[in-house]
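Summary of the model geometry
Listed below are the residues making up each chain.
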Amino acid sequence: MKEETKIIQSILSDPLTGAISTPIYQTSTYVQEAPGIHKGFDYTRTNNPTRKILEKLITKLEYGYNSLAFSSGLSSIDAVLKLLKYDDEILAIDDIYGGTFRLFNLYKKLGINTKYLDMTNSEKLNLFFSKKTKLIWIETPTNPTLKVSDIKEICEKSKKFNPNILIVVDNTFASPVIQNPIKLGADIVIHSATKYLAGHSDVLAGLITVKNKELYENLKYIQNATGGVLAPMDCWLTIRGSQTLFLRVKKQSKNALKIASFLNENKNNSIDKVYYPGLSNHKNHLIALKQQKYFGGIISFSLINDTVEHAKKIVTSTKLFKLAESLGGTKSLICHPATMTHKSTPSNIRKKSGIQDSLIRLSVGIEDVEDLINDLNQALSLL
Ligand SMILES: *Cc1c(COP(=O)(O)O)cnc(C)c1O
């Protein structure tokens, strides 16, 4: 079966009633015949039928052994970190998602330290490995400058150094439509399903998919012990949203490529740099070509007048692109990282990772692309 068929067919109709839409099992507990004799469900923190259907769905999409659904992307990342112990070390991509950076910082006091490095050139990786290295954290493409790293090469190099190193890919930006990290050698894939998977900006959700039984059992234990599970209604919203994942991501990628080309042609006018992995002048375009099926719906660009004021003028002048954080939904969004998503990052660190004062990030939605280009054009003409 092709992937687009698989996603639809893996959402089974309800065996009890034939309901074609997944029932929302809004229950905390389950009646037992005798102590310990039940239908596989005893308490919703441990197991819930609606959650199980979502977990099966993402397992199929990411080619894993099994999956777990959490109350947010960050709670799923937190569960992965709990696989580590005192004195273990993480190697992470340098322009990691801000919330993940904050969480890694929190683990410092438990004796788990993180080293950050540019992974777009995997040659340098060898310099960072040590006996303490237990986990590699990859994001590709990254936020907001869309750096692309070669997942397969990083996996091969890391496993060669130590076959027991765990490789985790945060696949939120790409979605399973664009790349499948487990197929490229990763052990664990996480998603902030809040973004592309649920896809309608109406739910917070996190998903972990693992490669083997042992990882699944360890993470299942952590999830049951800590309790950050996804609620039944939110599981339903994520299942419902995921059914159109391929339609959305393909359209968003197609729209984004056209918009990125439009911005690229407007360079020298008011635009300085355009960041989009689908452009042949993007620094990691060749890796993206090799690794990704599509180039995704996120674009960033900076202005020749590199000031917060000029960027603010643009982000408050678009009408279709709504000014908001987050990404991956049906509606196009615009945001100003320096004063929004990355405002807590010190300005020198921010600038070093390419987040200029005027950098603007777009999350391209499923609207008509000409309308979106006209909207950006009218805003840019106000400069
Ligand atoms: C949003 C996001 C997260 C965090 O997910 P939440 O659902 O907001 O907790 C993690 N990683 C990436 C890349 C994200 O974009």
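Residues numbered from 1 in each chain as written. Predicted model: local features only at pLDDT ≥ 70, side-chain atom pairs only at ≥ 80, totals over all residues. Heavy atoms only, no water.

**Digging into the overall build of the protein**
When helices and strands are tallied, the protein shows 13 helices and 12 strands. Rg of the C-alpha trace for the protein: 21 Å, near the compact-globule value of 21 Å for 383 residues, within the 12% margin. When the backbone C-alpha atoms are referred to their principal axes, the protein occupies close to 75 × 50 × 35 Å. Within the span of the protein, comprising 383 residues, buried residues form 55% of the whole. (Helix = DSSP H or I, 4+ residues; strand = E, 2+ residues; numbered from the N terminus. Rg over C-alpha atoms; globule rule 2.2 N^0.38 Å. Buried < 20%, exposed > 50% of the residue type's maximum accessible area, 1.4 Å probe, protein only.)

**Here's the deal with the domain arrangement of the protein**
Domain boundaries assigned for the protein yield domain 1 (3-242) and domain 2 (246-380). Look at where the C-alpha atoms of domain 1 and domain 2 centre, and you get two points 26 Å apart. Domain 1 puts 35 residues into the contact, and the matching count from domain 2 is 36 residues. Between domain 1 and domain 2, the buried area comes to about 2,900 Å², and carbon and sulfur atoms account for 59% of it. Of all residues in domain 1, the largest losses of buried area upon contact with domain 2 belong to Val-177, Ile-178 and Tyr-196, amounting jointly to 25% of the total for that side. The tally of links from domain 1 across to domain 2 stands at 15 residue pairs in polar contact (both at pLDDT 80 or more). (Domains from an automatic or database assignment. Contact = heavy atoms within 4.5 Å. Buried area = accessible area lost by both parts, 1.4 Å probe. Polar contact = N/O pair within 3.5 Å; in protein donor to acceptor, adjacent residues only side chain to side chain.)

**Describing the nonpolar core**
Considering soluble globular proteins, one finds that nonpolar side chains tend to be buried as a cluster. Counting 41 residues, the largest nonpolar core has Val-80, Ile-90, Ile-136, Trp-137, Ile-188, Ile-208 and Leu-219 as its most contacted members. With 30 residues, the next largest nonpolar core counts Val-148, Leu-279, Ile-360 and Ala-379 among its residues. (Core = buried A, V, L, I, M, F, W, Y, C linked by side-chain atoms within 4.5 Å.)

**Quick notes on the site of the ligand**
Surveying the vicinity of the ligand reveals the residues Ser-72, Gly-73, Leu-74, Ile-77, Tyr-97, Asp-170, Thr-172, Phe-173, Ser-192, Thr-194, Lys-195 and Ala-205. Leu-74 places a main-chain nitrogen or oxygen 2.9 Å from an oxygen atom of the ligand. The separation between a nitrogen atom of the ligand and a polar side-chain atom of Asp-170 is 2.7 Å. Burial of the ligand by the protein amounts to 93% of the accessible area it has alone, namely 380 Å². With 3 residues, helix 3 (residues 73-81) is the single largest residue contributor to the shell around the ligand. Of the residues contributing to the shell around the ligand, the split by class is 5 nonpolar, 5 polar and 2 charged. (Near = heavy atom within 4 Å. Areas by Shrake-Rupley, 256 points an atom, 1.4 Å probe, with all protein chains shown as cover. Nonpolar A, V, L, I, M, F, W, Y, C, P; charged D, E, K, R; others polar.)

**Observations concerning the packing of aromatic side chains**
Applying the stated criterion across every chain, the model contains 6 aromatic pairs. Plain terms: the ring middles of Tyr-65 and Tyr-216 are 6.2 Å apart, the flat faces sit at 65° to each other, and that makes the pair edge-to-face. Placement of Tyr-65 in the loop between helix 2 (49-61) and strand 1 (66-70) and of Tyr-216 in helix 7 (residues 213-226) is noted, with a sequence separation of 151 residues between them. A residue is classified by how much of its surface remains accessible, and Tyr-65, at 38% relative accessible area, is partly exposed. Residues Phe-129 and Phe-161 carry aromatic rings whose centres are separated by 4.6 Å and whose planes lie at 10° to one another, so their mutual orientation is stacked. With Phe-129 in the loop between strand 3 (113-117) and strand 4 (133-139) and Phe-161 in helix 5 (residues 151-161), this residue pair connects regions lying 32 residues apart in the sequence. By relative accessible area, Phe-129 is classed as buried at 10%. Overall, the relative accessible area of 40% leaves Phe-161 in the partly exposed class. Of note, Lys-183 hangs over the ring of Tyr-63, and the distance from its end group to the ring centre comes to 4.2 Å. (Phe/Tyr/Trp six-rings, centres within 6.5 Å; stacked < 30°, edge-to-face > 60°. Lys NZ or Arg CZ within 6 Å of the ring centre and 35° of its normal.)

**Here's the deal with the sheet that holds strand 8 (residues 271-275)**
One open sheet accounts for 5 strands, arranged 8-9-12-11-10; its pairing is mixed. The two strands at the open ends of the sheet, each matched to only one other strand, are strand 8 and strand 10 (322-323). In this structure, strand 8 lies alongside strand 9 (residues 298-303), joined through 3 bridges in antiparallel fashion. Bridging across to strand 9, Ile-271 finds its partner in Leu-303. Helix 9 (residues 245-265) rests against strand 8, strand 9 and strand 12 (360-363) of the sheet, and its axis sits at about 15° to strand 9. (Pairing = 2+ DSSP bridges. Axes fitted to C-alpha atoms, helices over the stretch in contact; angles between N-to-C directions.)

**A look at the sheet that holds strand 3**
Here 7 strands make up an open sheet; going across it, the order is 1-7-6-5-4-2-3 and the pairing mixed. The open sheet has two free edges, formed respectively by strand 1 and strand 3, since each of these has just one partner strand. The sheet shows a mean angle of 20° between the axes of neighbouring strands, direction not considered. Relative to strand 7 (residues 206-210), strand 1 is paired through 5 bridges, and the arrangement is antiparallel.

**Thoughts on the packing of helix 2 against helix 8 (residues 232-242)**
Here helix 2 crosses helix 8 at 35°, and the two axes come no closer than 8 Å. The hand of the helix 2/helix 8 crossing is left-handed. Along the contact surface, helix 2 presents Thr-50, Arg-51, Ile-53, Leu-54 and Leu-57, while helix 8 presents Pro-232, Cys-235, Trp-236, Thr-238, Ile-239 and Ser-242. (Left-handed = near helix turned anticlockwise from the far one by under 90°.)

**What to know about the side chain of Lys-195**
Here Lys-195 lies in the loop between strand 6 (188-192) and strand 7. Buried and unpaired, Lys-195 has no salt bridge, with Asp-170 as the nearest side chain of opposite charge at 7.5 Å. For Lys-195, the residues in contact, after removing those within four places along its chain, are Tyr-97, Thr-172, Ser-326, Leu-327 and Gly-328. (Lys, Arg positive; Asp, Glu negative; His and termini not counted. Salt bridge = Lys/Arg side-chain N within 4 Å of Asp/Glu carboxyl O.)

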